[in-house]
Amino acid sequence: MLALRSFVFYLGYVVWSATWSSLAVLVGWTLPLKRRYEFIIGGWTRPALFWLAATCGIRWRVSGREHIPTVPCIFLVKHQSNWETLWTQTLVAPQTTLIKRELLRIPLWGWAFAMVKPIAIDRSNPRTALRQLIEQGKDRLARGMYVTLFPEGTRLAPGTPGKFYRGGAALAAATGLPVVVIAHNAGHFWPARQFIKHPGTIHVEISKPFPTDGKTSKEINMLCEEWLRQTMARLESV
């Protein structure tokens, strides 16, 4: 039964993504940035998450939403699943996400996503990628966009500790803007690289903003990693 429900989800998800991407490519370029983001990204992710709840019984409970600043900051998000890549984009608008440059070459979806100005980097060259992240990140923040990164770099199974790459902390150190860390246990319900999804409630916790002005990227990462480690230990036991 779980396999059937997961299949129905993916069938609807793929059809919806292709349909909405086509519409977004036709219409999105006519809108100003914030409305473009809400139309392209909100119009794609919110129905997808609704369909996930309807077909697979996955829901979520969020604490700390009030901690999100009213002005742009940098989100560092735990990476366990595909769920958080959808849900995080519903938090605020406009928002930009760090992605691999190759994703923008995907027909329709990549073209639509390019219109909301993601930070697209060349991961084959770490030094160049860091420079691209800081340059493009500064530009997006100056445009009034929140910046979202997954500092562990790849999806990790529940209970697997991950080390933060320096990119998000380096951007924070370069701009002096606060960092908000987001913890969750979505990997228990939408496991990485697995077809089957499991019904239940994802627990999400959003940290208070970490001030970064005057701190090094190493200091920022230490603070954020420690908060995430403690919070994940609690969420994994829920």
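For the structure given in this document, a descriptive report is provided here. Keep in mind it's a predicted model, so treat the numbers as computed, not measured. (Residues numbered from 1 in each chain as written. Predicted model: local features only at pLDDT ≥ 70, side-chain atom pairs only at ≥ 80, totals over all residues. Heavy atoms only, no water.)

**Concerning helix H1 (residues 2-27)**
- The end-to-end C-alpha distance of H1, which contains 26 residues, comes to 37 Å, matching closely the 38 Å that a straight helix rising 1.5 Å per residue would cover.
- Listed in full, the buried residues belonging to H1 are Ser 6, Phe 9, Tyr 13, Ser 17, Trp 20, Ser 21 and Ala 24.
- Its buried side turned inward, H1 meets helix H2 (33-56), helix H3 (83-87) and helix H4 (109-114). (Helix = DSSP H or I, 4+ residues; strand = E, 2+ residues; numbered from the N terminus. Expected span 1.5 Å × (residues − 1). Buried < 20%, exposed > 50% of the residue type's maximum accessible area, 1.4 Å probe, protein only. Contact = heavy atoms within 4.5 Å.)

**A short note on the nonpolar core**
- In this structure, Leu 52, Phe 75, Trp 83, Trp 87, Ile 182 and Ile 206 are the most contacted members of the largest nonpolar core, which totals 28 residues.
- Elements that contribute at least two residues to this core include exactly H1, H2, strand S2 (74-77), H3, strand S6 (179-184) and strand S7 (200-206).
- The element best represented in this core is H2, accounting for 5 residues.
- Once residues within four sequence positions are removed from consideration, Trp 83 is found in contact with Leu 49, Leu 52, Trp 60, His 184, Ala 186, Trp 190, Ile 202 and Val 204.
- With 23 residues, the next largest nonpolar core counts Leu 76, Ile 119, Leu 141 and Val 179 among its residues. (Core = buried A, V, L, I, M, F, W, Y, C linked by side-chain atoms within 4.5 Å.)

**Focus on empty space enclosed by the protein**
- Going through the model one piece at a time under the given rule, you end up with 1 cavity of 30 Å³ or more.
- Reported here for the largest cavity is a volume of approximately 60 Å³.
- As for the largest cavity, its lining consists of Trp 20, Ser 21, Ala 24, Ile 40, Ile 41, Trp 44, Trp 109, Ala 112 and Phe 113.
- At the level of secondary structure, the elements contributing two or more residues to the lining of the largest cavity comprise H1, H2 and H4.
- Considering only residue class, the lining of the largest cavity consists of 8 nonpolar, 1 polar and no charged. (1 Å grid on protein atoms, 1.4 Å probe; cavity = no way out; pocket = protein on both sides within 12 Å on 5 of 7 lines; lining within 4 Å. Points joined across faces, edges and corners; volume = space filled by probe spheres on them. Nonpolar A, V, L, I, M, F, W, Y, C, P; charged D, E, K, R; others polar.)

**Brief notes about the sheet that holds strand S3 (residues 95-100)**
- In space, the 7 strands of this open sheet follow the order S1-S7-S6-S2-S5-S3-S4, with mixed pairing throughout. Whereas interior strands pair on both sides, the edge strands pair on one side only; in this sheet they are strand S1 (58-63) and strand S4 (119-121). Taken over all neighbouring pairs, the strand axes of this sheet differ in orientation by 20 degrees on average, direction set aside.
- In this structure, S2 lies alongside strand S5 (residues 146-149), joined through 3 bridges in parallel fashion. (Pairing = 2+ DSSP bridges. Axes fitted to C-alpha atoms, helices over the stretch in contact; angles between N-to-C directions.)

**Regarding the packing of aromatic side chains**
- Applying the stated criterion across every chain, the model contains 12 aromatic pairs.
- One aromatic cluster in this structure is built from Phe 9, Tyr 10, Tyr 13, Trp 44, Trp 109, Phe 113, Trp 190 and Phe 195. (Phe/Tyr/Trp six-rings, centres within 6.5 Å; stacked < 30°, edge-to-face > 60°.)

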